[in-house]
Amino acid sequence: VQLQASGGGLVQAGGSLRLSCAASRNIFGINIMGWYRQTPGKQRDLLAAITDDGTTHYVDSVKGRFTISRDNAKNTVYLQMNNLKPEDAAVYYCNVHLVSLGQTYWGQGTLVTVSS
């Protein structure tokens, strides 16, 4: 599975962005799609995840500001980011974990820059 992330860019603090991550093929079986972010010198951190049946999980730092969703017909996961803060600036990565196969695939990352 190849994942193509898009939607990053430069936004002012308080603004919004919507990230998209499209899979190259249909994703079958139990799976979890997620969004992570990484800044230089730091580990890649989970922000939000969504299962194939639509159950979502968020880390505290983005609850109420970010919304993860997916369109299974388009094999795409989204991350709507509102009220962005300078500390949200990072490279954002998507992934998909195929539970039954124990396989995880990553997208290439998309850069989000937030100006204060």
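Going by the structure above, here's the rest.
No experiment lies behind these values; they were computed from the predicted model shown.

Participant: Where do I start with the sheet that holds strand S7 (residues 66-71) in this structure?
Facilitator: What holds strands together in a sheet is hydrogen bonding between their backbones, with the strands either parallel or antiparallel. Here we have four strands laid out as an open sheet, ordered S1-S3-S8-S7, and antiparallel in their pairing. This sheet does not close on itself; its edge strands, each paired only once, are strand S1 (3-6) and S7. The sheet shows a mean angle of 15° between the axes of neighbouring strands, direction not considered. Note: S7 against strand S8 (residues 76-81), six bridges, orientation antiparallel. The partner of Phe-66 across the bridge, within S8, is Met-81.

Participant: Would you explain the environment of Lys-85 in this entry?
Facilitator: The residue Lys-85 is located in the loop between S8 and strand S9 (90-98) in this model. Owing to a relative accessible area of 33%, Lys-85 belongs among the partly exposed residues under this scheme. Sequence separation of Lys-85 and Ser-115 is 30 residues, and the distance between their C-alpha atoms is 8.1 Å. Once you skip the residues sitting within four places of it in the chain, Lys-85 turns out to touch Arg-65 and Val-114.

Participant: I keep staring at the pairing of S8 and nothing clicks. Help me out?
Facilitator: Along any regular strand the residues' side chains alternate between the sheet's two faces. Among the six residues in S8, five count as buried, and that is most of the element. In the sheet, strand S3 (residues 17-23) pairs with S8 via six bridges, with the strands oriented antiparallel. Residue Leu-19 lies in a different strand from S8, and its bridge partner there is Leu-79. In this structure, the hairpin formed by S7 and S8 is closed by a connection of four residues, where Asn-75 is found at a positive phi of approximately 55°.

Rules used in this analysis
- Sequence positions are assigned chain by chain, starting from 1 and proceeding in written order.
- Given that this is a predicted model, residues contribute local features only at a pLDDT of at least 70 and side-chain atom pairs are listed and counted only at 80 or more, while totals for whole chains, interfaces and linings are drawn from all residues.
- With hydrogens and water set aside, each side-chain value is computed from the structure's full complement of heavy atoms.
- Any two strands with at least two DSSP bridges between them are considered paired.
- A run of H or I in DSSP counts as a helix once it spans at least four residues, and a run of E counts as a strand once it spans at least two, with each numbered from the N terminus.
- Lines are fitted to the C-alpha atoms to define the axes, a helix being fitted only along its stretch in contact, and any angle between axes, read from their N-to-C directions, falls within 0 to 180 degrees.
- Think of it in three bands: residues with accessible area under 20% of the maximum for their type are buried, residues over 50% are exposed, and the middle band is partly exposed, with areas taken using a 1.4 Å probe on protein chains only.
- For this analysis, residues touch if any pair of their heavy atoms sits within 4.5 Å.

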